[in-house]
Amino acid sequence: MMKFRFRRQGNDPHREKIKQDLFAFSKTVEHGFPNQPSALAYDPKLQLMAIGTKSGAIKIYGAPGVEMTGLHKDTAAVTQIHFLYGQGRMLSLLDDNTIHLWEIVQRENRSHLVELHSFNLPGRPGIESTSATRVTVMLLKLSCDLDYLNLAICNVIPLFSVPEEYKCGKSLGPVESLQEHPQDSDKILIGYSRGLVVLWDLNSRHVVNLFLGKQQLESLVWERSGNSFVSSHSDGGYMVWAVSSSNPCTHDPISSTIPYGPFPCKAVNKILWRTTQSGSPLVLFSGGMPRASYGDRHCLTILQDSSHVTLDFTSRVIDFFTIHCTDKEKEFDDPSALVVLLEEELVVIDLQMAGWPTVPAPYLAPLHSSAITCSCHISNVPPKLWERVISAGQQQCPLQNYENWPICGGKNLAPDPKQKELLLTGHEDGTVRFWDASGVSLKPLYKLSTASIFQTDCDHNDSLMQAGEEEWPPFRKVGCFDPYSDDPRLGIQKISVCKYSGKLVVAGTAGQVIVMVLSDEKSDHMIDVATVDLLQDREGFTWKGHDRLPPKSGSVVFAPGFQPVVLVQCMPPAAVTAVTLHAEWNLIAFGTSHGFGLFDYHRRNPVLARCTLHPNDSLAMEGPLSRVKSLKKSLRQSFRRIRKSRVSGKKRAVVYSPTSKVQEANAQLAEHDAEVTPVQRRIEPRSADDSLSGVVRCLCFADTFLRDGTHHGPTMWAGTNSGSVYAYALDVPSQEKFSEQSVEALLGKEIQLMHRAPVVSIAVLDGRGNPLPEPYEVSRDLAKAPDMQGSHSVLITSEEQFKVFMLPKVSAKTKFKLTAHEGCRVRKVALSNFTSVSSEEYSENALVCLTNLGDIHVFSVPALRPQVRYDCIRKEDISGIASCVFTKTGQGFYLISPSEYERFSLSARVITEPLCRVDVERPHDLSAHSQSQGLKLGLIKSFFFFY
């Protein structure tokens, strides 16, 4: 027998040009809140804010759409950031004792953040850098220029300047604070941990004043005139000190206050003192809570006259600043806003409005206010749906006006998006949040909660606690970060949306599937409840997991927005693993680890329930909390597979269909393909009794040919973890008869994939190989009608390969063995449309695939020819891979931390990235200046006393 080995064709230059115009990979923008923030800075002249993180990232924010990111070469925590006032430059201090100089530069008419220089701070001679020489605080003078950057970081203060009581041999401790005199830039205030404060003249190099504090110092702040300053201390108090030339050594402050005394209090970590036209200063400080009662609270206090508010946050205060008048000719600070950087969110307080309300943020939203459990992207949102979602969100938060956002530096140059995009995130607390994903800033639009439908384990402890709390301190809960869920069963697992009818399906951890309809009016109604038994009375299975969530009895009040109309409860109440909606047919399909069901939500009638459990699939009955028990069983099965692979070399059938068997020639063709294709990895078939083999991985509705090649109609497809595919022909009545006739389902095809690899996705293609349009798209003339003349096909994606079958015979047409060729497994897939960057008239549909190695492959459809491959996510980042969601226009999102989405694009044409400009007037061009003369970094080291 002669064997032929096909010769590979060379690259077609014309095709390569088309691919360049269609595909291009780029990571474009990071949405959400920076993970583990560690430093904060603000430039009042440019109105820009900078945030540093523990991973060494620096992010600059201005007006919405104005964002820039820089990353230090070494992964070290950013401990401090300081802007060079009005110059578009800043210094960062890392915890490895290095200083880095950054600059905002203009390239291609847009602004970028670049690192220009770095400097290793030296230790004492002959001594390694230790805690004694580590920089604790920096002061960047407002008057510093390029020729000499004065960093107040060893001048010797003469011995006679220090009072006798300070010469007891005790260390003064590290420098805790450096503050430039507000009216005389040659003077700086130096605060030592032990409590001593020194006013130092930089020109004459002598002590102007000494302030002999007796409490451990935490921070300092000048009063605007420079006639006094305020110090905060470890005992929970603060002191006001007068600065007088007639009294060079001050023993006592003007006043000393412990706001939350007399019992022991925690330290006041930072304090700000701002003057106002009313004459009463505005005092803001973090910490200071009574140690025994509220020592675990994260608080910031605002005081003015009789007004007193204690802002109570759910995460630690990193730093804060006020936005106020910095013009030296003005008499008052008149602060307008307070910006607080917390460990998990950013909070802005309006200081001019009565009551000091919160200002909604147009960016830096804490996506993880409750842990994200799933996500869903909607491209090209219809204007009507967009307006209704916006309206529902505004009724939830009437003050949601981003025009008053105080951090407004720079200019957003990005054009308005051509289409609106929504990103929906499901959360552990049972909420679904709607985000505007049309541009660089991911803005919150609307929050939907499903907890109100059920009787949860929470008995409103919060309201009882608030009612029983004492009036002192005057706490006010601020911020939306709340990582605690009332009941873990509320967690959202799957979301499906019909953007044309305003219908939404959300499915949860306890088998709850909720059908919702968008309403513009408030409603008070009962929710219909239906139960679907997926075990179908199968014997020998007992559910050992959590109970179902009991629905509330009686009427429930729902605000405008998405309102539930029916609750379908899967039994056993296992987590829902797949869900899909067809609003035109009034049908939803859902699946769990036990089987799948079909439900007519118009008639509130179950249509179908199918159990997919294998007889040995006991793990599916244990629930997530009992899976440790099956560790020994899993190990035994693994060793059995290893032994079996050593003695078994036989190939299995590629595909079989109980109702329409595939001919033996297909298996022979597969063997022939193995001879002529490049070397492939050998893939061992999975055991039929693998645990969780009955998990339903995907569901799909399609109007296609299943019974025969001449009559098309509604169908439903389901794929499982064991490589099984079920196809049902549906008898759906016309719209006029929805209320009279029931939907019926008949099993049409059942397919078993060769290696029993889990089925990740099922998609039906029309006669031209294009994906079928969404419900209502054709009937409302929003999309071309599909080709119903040519032969349809179904694209089935398993974890190991892609395969196209012709319909209705389910005969194999083409395939690509990803695992055999590339050694990876499929994790996420989507059908996307790519438009050429050269011509808007030319586009191609493609299959986009993310693997377990974190790389992305793009294949042509329906030929399944590889087009491009890109490295996207680190293979070790399992949560990032699991969280990835693709869009229909060739973009994608994945979580790079619990609070941040990385946005990327595979399209050469559709790219969402920051396009902004910050105009800066500089006396010199720093890059050219430093290259020609060398940058001088003047260091005034930490002030030490020598005895």
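All values derive from a computational prediction rather than experimental measurement.

Chemist: I'd like to hear about the pattern of salt bridges, residue by residue, with values.
Modeler: Within the structure shown, the criterion is met by 28 salt bridges. Linking R89 and E103 is a salt bridge whose minimum nitrogen-to-oxygen distance equals 2.6 Å. Of the two residues, R89 is situated in strand β7 (residues 89-94) and E103 in strand β8 (residues 98-107); the sequence distance between them amounts to 14 residues. Here R89 matches E103 in class, with each residue buried. Of the charged contacts, one joins R433 and D429 as a salt bridge, the two residues approaching to 3.7 Å between their closest N and O atoms. A residue is classified by how much of its surface remains accessible, and R433, at 12% relative accessible area, is buried. Taken together, the shared-partner salt bridges in this structure form one network comprising E30, K59 and E900.

Chemist: Describe the UniProt feature "repeat: WD" (unreviewed entry) in the chain, with residues and values.
Modeler: As annotated by UniProt and renumbered to match this structure, "repeat: WD" (unreviewed entry) occupies residues 422-436. The distance separating the terminal C-alpha atoms of residues 422-436 is 5 Å; by composition the span is 0% helix and 80% strand.

Chemist: Requested: an account of helix α3 (residues 383-396), with residues and values cited.
Modeler: An ideal rise of 1.5 Å per residue puts 20 Å on 14 residues; α3 measures up with 20 Å between its terminal C-alpha atoms. What α3 keeps buried is the set L385, W386, V389, A392 and G393. End-on view of α3: buried residues confined to an arc of 130°, all on one side of the axis. Residues of α3 that are exposed and point over 90 degrees away from its buried face: P383, K384 and E387. Buried positions along α3 lie against β31 (422-427), β32 (431-436), β33 (443-449), β37 (512-519) and β41 (561-571).

Chemist: Please give an account of the sheet that holds β41 that cites residues and values.
Modeler: Within a sheet, adjacent strands bond to each other through the backbone by hydrogen bonds, running parallel or antiparallel. Ordered by their spatial adjacency, five strands build an open sheet running β35-β36-β37-β41-β39, and the pairing between neighbours is mixed. Whereas interior strands pair on both sides, the edge strands pair on one side only; in this sheet they are β35 (492-498) and β39 (528-533). On average, adjacent strands in this sheet sit at an angle of 20° to one another, irrespective of strand direction.

Chemist: Let's hear about the packing of aromatic side chains: which residues, and what values?
Modeler: The final tally for this structure, using the stated rule, is 25 aromatic pairs. Judged by centre distance (4.8 Å) and plane angle (85°), the ring pair of F211 and F229 falls under edge-to-face. Of the two residues, F211 is situated in strand β15 (residues 206-212) and F229 in strand β17 (residues 228-233); the sequence distance between them amounts to 18 residues. By the burial criterion, F211 is buried, and F229 matches it. With 5.6 Å between their ring centres and 45° between their planes, F596 and Y726 make a pair best called tilted. With a gap of 130 residues between them, F596 in strand β44 (residues 595-600) and Y726 in strand β49 (residues 724-731) connect regions that are remote in the sequence. Each of the two residues, F596 as well as Y726, counts as buried. An aromatic cluster is defined as three or more aromatic residues linked by ring pairs; in this entry it consists of F25, Y870, F886, Y894 and F904. K270 extends its terminal NZ or CZ atom over the ring of F320, reaching a point 5.0 Å from the ring centre. Above the ring of Y776, the side-chain terminus of R780 is found at 4.4 Å from the ring centroid.

Chemist: Report on the nonpolar core, specifying residues and quantitative values.
Modeler: I302, L311, F313, L338 and I349 are the most contacted members of the largest nonpolar core, which totals 34 residues. Going through the elements one at a time, β18 (238-242), β21 (268-274), β22 (282-287), β23 (298-304), β24 (307-313), β25 (317-323), β26 (337-342) and β27 (346-350) are the ones with two or more residues in this core. Every residue in contact with L311, bar those within four places of it in the chain, is listed here: H298, C299, L300, I302, L338, I349, R476 and V478. Counting residues in hydrophobic clusters, the runner-up holds 32 residues, among them W386, A392, L445 and V556.

Chemist: Explain the pairing of β27 residue by residue, including any values.
Modeler: A large share of β27 lies buried, amounting to five of its five residues. With five bridges connecting them, β26 and β27 associate as antiparallel partners. Counterpart to L341 in the pairing with β27 is L346. Linking β26 to β27, which pair antiparallel, is a turn of three residues. In the sheet, β27 pairs with strand β28 (residues 358-359) via two bridges, with the strands oriented antiparallel. Directly across from I349, in β28, lies its bridge partner T358.

Chemist: With reference to specific residues and values, describe the sheet that holds β28.
Modeler: Spatially, the four strands line up as an open sheet ordered β25-β26-β27-β28, and their pairing is antiparallel. The two strands at the open ends of the sheet, each matched to only one other strand, are β25 and β28.

Chemist: So what's going on with the environment of F475? Residues and values would help.
Modeler: Of note, F475 is situated in strand β34 (residues 475-477). For F475 and T310, which are 165 residues apart along the polypeptide, the C-alpha to C-alpha distance reads 4.7 Å.

Chemist: Could you give an account of the state of the cysteines, with specific residues and numbers?
Modeler: A full pass over the atoms with the stated rule returns zero disulfides. Its sulfur unpaired, C397 is 9.4 Å from the next cysteine sulfur, which belongs to C480. Taking the relative accessible area as the measure of exposure, C397 reaches 39% and is therefore partly exposed.

Chemist: Run through the side chain of D201, naming residues and quoting values.
Modeler: Mapped onto the fold, D201 is located in strand β14 (residues 196-201). Buried charged residue D201 carries no salt bridge. Nearest counter-charge: K187, at 5.2 Å. Of the polar contacts made by the side chain of D201, one reaches the backbone nitrogen of N203; its length is 2.9 Å. Those residues in contact with D201, other than ones at most four positions away along the chain, are D186, K187, H206 and V208.

Chemist: Describe unusual backbone geometry, and please don't skip the residues or the numbers.
Modeler: A cis amide bond, omega 0°, links M571 with the succeeding residue P572. With respect to the helices and strands, P572 occurs in the loop between β41 and β42 (578-582). With an omega of 10°, the peptide bond running from L807 to P808 counts as cis. Looking at where P808 falls in the secondary structure, it is placed in the loop between β53 (801-806) and β54 (811-817). The phi dihedral of R756 falls on the positive side, at around 55°, and the residue is not glycine. In this fold, R756 is placed in the loop between β50 (744-753) and β51 (759-765). Judged by relative accessible area, which is 19%, R756 ranks as buried. Even without glycine at this site, D781 takes up a positive phi of about 55°. By secondary structure assignment, the location of D781 is in the loop between β51 and β52 (793-798). Exposure remark for D781: the relative accessible area of 71% places this residue in the exposed category.

The rules behind each value
Residues numbered from 1 in each chain as written. Predicted model: local features only at pLDDT ≥ 70, side-chain atom pairs only at ≥ 80, totals over all residues. Heavy atoms only, no water. Salt bridge = Lys/Arg side-chain N within 4 Å of Asp/Glu carboxyl O. Helix = DSSP H or I, 4+ residues; strand = E, 2+ residues; numbered from the N terminus. Buried < 20%, exposed > 50% of the residue type's maximum accessible area, 1.4 Å probe, protein only. UniProt positions renumbered as here; feature names shortened; annotations may be inferred. Expected span 1.5 Å × (residues − 1). Arc of directions from axis to C-beta. Contact = heavy atoms within 4.5 Å. Pairing = 2+ DSSP bridges. Axes fitted to C-alpha atoms, helices over the stretch in contact; angles between N-to-C directions. Phe/Tyr/Trp six-rings, centres within 6.5 Å; stacked < 30°, edge-to-face > 60°. Lys NZ or Arg CZ within 6 Å of the ring centre and 35° of its normal. Core = buried A, V, L, I, M, F, W, Y, C linked by side-chain atoms within 4.5 Å. Disulfide = S-S within 2.5 Å. Lys, Arg positive; Asp, Glu negative; His and termini not counted. Polar contact = N/O pair within 3.5 Å; in protein donor to acceptor, adjacent residues only side chain to side chain.

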